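Here's the letter readout for the chains.
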Amino acid sequence: MADASEALEAMNGGRNFMGKRKLTILCSGFGLGFYIPGLLAASDFEKRDIATEVLVFESYLEQDKMDHIVDSRKAYHNNFALANLSARMPMDIRNSIDYAQVELLLEAWKAEDRYEFISLSGHWIYILDLYREKMLPNQIHVDLLYVDSDLAPSWKSLKKFHPHYDEYYYNACLYDTDKMEIRCEIPVLHRTPLPFDSRKRRLVVHGGGWGMGTYQSTIPELAGHNYGLDIVAYDWKEAKPDPDHRYWMNDPEWCAWVKSANGLHEFPPYIEITGEDTKSYAAEVDHHWLYDIASEAMAIVAKPGAGTLIDSLASETPLILLEPFGSHELSNLELWESLGFGIRYEKWREMDFSVEVLKEMHQAIMNRPGERTNYVDHYCARVALTKG
């Protein structure tokens, strides 16, 4: 057992509990809610001089299965009912893994003495189990980081085909739905959120990383109630710029599971679509571009995905809750509603799209009870103590 000074040393740089080894953060590109939070955590670790590597599961699929993801993304964007149906169908991902490539990865990990992992997707557990077999029993430490308040499809599929998947790993939950409270937070930027009265009378409208859901149907109604809109487009033809509404999108050439020119997975570069004067921007170094826009808005109008909850909490921006994707997002919706951090779109409409309601929710987030435990702090202290 490590003593208190060792734990403190881990909190202030991590050199003691990890030495020169890398912490490996395992993400997924299937929805940016399992990608952006991993990059945010990696950025926070790096600020403590803890080296990290972010990997994306889809990079280790067979090529034809990888190509199919692009087709699925388009289909789910165009047909939300189909997306919700797919969320209920368990899938044995083992049939899609490129095991030759995985073997090269595991040998590289072993050669580099990789021992510490954080996984945001259930799909990675099959690969981590293979790595455990190469190492001494209980030699590796794995955090299973749940960024939703209930099991997302990758975890549900895993549980069906591998019921005791967490036997050797640590379940790290951001939320406690039994107590309806927040256990840990993933900060975006360590800065004080903008006061509500200093914000623009604007709303951010989006459909999550894959542009799914009913967000587009809200645009005409919201535009008619004196709110400026910042709308995330997922296709060029969706953007219809005008003086009151801005359109943004991730660079369509960017792909979460394709590394940037520097060999790293990074936040997406983005575009502001303003007609003839469309502007392209490089990726932000330590956070995602949409956060900056959400931080200045009065509310985010979106389905309650994992990344959207993190944005809402970190920026103290309330959510106007649209139809959820799957039972895990329904659980997210119920949690945010219970905490007073969000309101269902239909209920807000009944209140005539009140600004005062948005201010009350902002204040509820700002004054939320609890210690506001940073997940990275929690990880450093806990892993230092268990690895001593």
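Definitions and cut-offs
Residues numbered from 1 in each chain as written. Predicted model: local features only at pLDDT ≥ 70, side-chain atom pairs only at ≥ 80, totals over all residues. Heavy atoms only, no water. Helix = DSSP H or I, 4+ residues; strand = E, 2+ residues; numbered from the N terminus. Buried < 20%, exposed > 50% of the residue type's maximum accessible area, 1.4 Å probe, protein only. Contact = heavy atoms within 4.5 Å. Polar contact = N/O pair within 3.5 Å; in protein donor to acceptor, adjacent residues only side chain to side chain. Pairing = 2+ DSSP bridges. Axes fitted to C-alpha atoms, helices over the stretch in contact; angles between N-to-C directions. Salt bridge = Lys/Arg side-chain N within 4 Å of Asp/Glu carboxyl O. Right-handed = clockwise from strand over helix to strand, strands pointing away. Expected span 1.5 Å × (residues − 1).

Colleague: What's the story with the environment of Arg94 in this structure? I'm lost.
Modeller: Within the secondary structure, Arg94 sits in the loop between α5 (80-87) and α6 (99-111). Take Arg94: its relative accessible area is 31%, and that puts it in the partly exposed class. Once the C-alpha coordinates of Arg94 and Ile127 are considered, the two residues, 33 residues apart in sequence, prove to be 9.3 Å apart. Non-local contacts of Arg94, meaning those with residues more than four positions away in its chain, are made with Tyr99, Tyr126 and Phe161. At 2.9 Å, the side chain of Arg94 and the side chain of Asp92 are in polar contact.

Colleague: Honestly, the sheet that holds strand β9 (residues 228-232) in this entry has me stumped. Any pointers?
Modeller: In sheet architecture, strand pairing relies on hydrogen bonds along the backbone and comes in two forms, parallel and antiparallel. Judged by pairing direction, the sheet is mixed, and its eight strands sit side by side in the order β12-β11-β10-β9-β8-β13-β14-β15 without closing on themselves. Strands at the two margins of the open sheet, each flanked by one partner only, are β12 (279-281) and β15 (342-344). Between one strand and the next, the sheet's axes are offset by a mean angle of 25°, whatever the strand orientation. Here strand β13 (residues 299-302) pairs with strand β14 (residues 319-321) via three bridges, running parallel. Note on β14: the bridge partner recorded for Ala302 is Leu321. Across the face of the sheet, helix α12 (residues 326-339) comes into contact with β14 and β15 while running at roughly 115° to β15.

Colleague: Would you mind showing me how to read the pattern of salt bridges here?
Modeller: Proximity of charged atoms lets side chains of opposite charge pair with each other. Tallying each qualifying case throughout the model produces 20 salt bridges. Its salt-bridge partner being Arg183, residue Asp176 comes within 3.3 Å of it at the nearest N-O pair. Residue Asp176 is classed as buried on the basis of its relative accessible area, which comes to 9%. Each of Asp44, Arg48 and Asp377 takes part in a single network of salt bridges with overlapping partners.

Colleague: What am I meant to see in the pairing of strand β2 (residues 52-56) here?
Modeller: On any regular strand, side chains alternate: one points to one face of the sheet, the next to the other face. Among the five residues in β2, four count as buried, and that is most of the element. Bridging between strand β1 (residues 23-27) and β2 involves five bridges; their strand directions are parallel. Each residue of the ladder has a partner; that of Ile25, found in β2, is Val54. For the handedness criterion, the β-α-β arrangement of β1, helix α3 (residues 36-46) and β2 is classed as right-handed.

Colleague: Please clarify how α12 should be interpreted in this entry.
Modeller: Residue pairs three or four apart in sequence face the same way in an α-helix, which turns once every 3.6 residues. When the terminal C-alpha atoms of α12 are compared, their 20 Å separation across 14 residues agrees well with the 20 Å that a helix rising 1.5 Å per residue should span. Among all positions in α12, only Gly326, His328, Glu329, Ser331, Asn332, Leu333, Leu335 and Trp336 are buried. Two residues or fewer after α12 comes Gly340, characterised by a positive phi angle close to 80°.

Remember that the coordinates give geometry; whether it matters functionally is a separate question.
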